[in-house]
Amino acid sequence: MIFLALLIKTFPVSISENKIKLNIVIFTLGLIVVVGLGFVNGNFILLDYNELNISTIIFIIINGLLSSLAMILPGISGALLLVVTGIYFPLLSNIEYVIKSIITFNITTIHPILFVGIFAISFIVGLIISSKLMKNLLNNHKTFTYSIINGMIIGSLINLIFNSYGLQKNIFDVVLGI
């Protein structure tokens, strides 16, 4: 819960007086997106990750691009996004296979290597695109960008408080964290 205090400390404040209603709408949009992601179950997209067909490859690429964007944006967890879309655990098991195969020099199938490679390349491309996009947004639309980031940060706080699975929570921890 102490993480909550650190997160609040990084909260960027910038509100334009003449566009306050639009800032509130953008803030609310960021808040709703992140809180919504916290409550979505990752089983709504059913793909067979044991077979690399065109739809699975496209889905892996989209997830690589989106997770890199989530890594750059404060308030959205890239891992949460991967869990929500259902690719987190297949990705981890494929990474585990690739690491074990490299260590033991025993590669029995190429599928996990392709899976991880496709994800890694799309993630790196996504980082490049996302960083340029964020730089552009912060240079040209600073107030609106801060508004949506603030909404995402507050949404993350809400997710941390209400979706801390497996953690014992009491009012003292929540107050101490804030």
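Let me sum up the structure you'll find in this document. Being a predicted model, the structure only gives us computed values, none of them experimental.

Turning our attention to the packing of aromatic side chains. Counted according to the given criterion, the structure contains two aromatic pairs. Between Tyr-88 and Phe-89, the aromatic rings sit 5.0 Å apart at their centres with planes inclined by 85°, giving edge-to-face as the arrangement. For Phe-89, a relative accessible area of 57% puts it in the exposed group. For the pair Phe-119 and Phe-123, a centre-to-centre distance of 6.1 Å together with 25° between the ring planes defines the contact as stacked. Residue Phe-119 and its partner Phe-123 are located together in helix H6 (residues 111-140), separated by four residues, close to a single helical turn.

The next point concerns the nonpolar core. In this structure, Val-34, Leu-37, Ala-70, Leu-73, Ile-76, Leu-81, Val-84, Met-134, Ile-149, Met-152 and Ile-153 together form the largest nonpolar core, which totals eleven residues. Put simply, the parts of the chain that give this core at least two residues each are helix H2 (20-39), helix H4 (78-85) and helix H7 (142-162). Of the residues forming this core, the biggest block, three residues, is contributed by H7. Residues Leu-82, Ile-87, Leu-91 and Phe-119 belong to the second largest nonpolar core, which totals nine residues.

Right, let's get into the environment of Leu-69. Of note, Leu-69 is situated in helix H3 (residues 54-72). Residue Leu-69 is classed as partly exposed on the basis of its relative accessible area of 24%. It is 6.5 Å that separates the C-alpha atoms of Leu-69 and Leu-127, two residues lying 58 residues apart in sequence.

Here we take up the packing of H3 against H6. Across the interface, H3 lies against H6 with an axial gap of 7 Å and an inter-helix angle of 40°. Taken together, the axes of H3 and H6 lie oblique to each other. Crossing handedness for the pair H3 and H6: right-handed. Contact with H3, carried on its side by Ile-57, Ile-60, Ile-61, Asn-63, Gly-64, Leu-65, Ser-67, Ser-68, Leu-69, Met-71 and Ile-72, involves Phe-115, Ile-118, Phe-119, Ser-122, Phe-123, Val-125, Gly-126, Leu-127, Ser-130, Ser-131 and Met-134 of H6 and no other residues of that element. Partitioned by chemical class, the residues of the contact of H3 with H6 number 14 nonpolar, eight polar and no charged.

Cut-offs applied
- Residues numbered from 1 in each chain as written.
- Predicted model: local features only at pLDDT ≥ 70, side-chain atom pairs only at ≥ 80, totals over all residues.
- Heavy atoms only, no water.
- Phe/Tyr/Trp six-rings, centres within 6.5 Å; stacked < 30°, edge-to-face > 60°.
- Buried < 20%, exposed > 50% of the residue type's maximum accessible area, 1.4 Å probe, protein only.
- Helix = DSSP H or I, 4+ residues; strand = E, 2+ residues; numbered from the N terminus.
- Core = buried A, V, L, I, M, F, W, Y, C linked by side-chain atoms within 4.5 Å.
- Axes fitted to C-alpha atoms, helices over the stretch in contact; angles between N-to-C directions.
- Parallel < 35°, antiparallel > 145°, perpendicular 65-115°, else oblique.
- Left-handed = near helix turned anticlockwise from the far one by under 90°.
- Contact = heavy atoms within 4.5 Å.
- Nonpolar A, V, L, I, M, F, W, Y, C, P; charged D, E, K, R; others polar.

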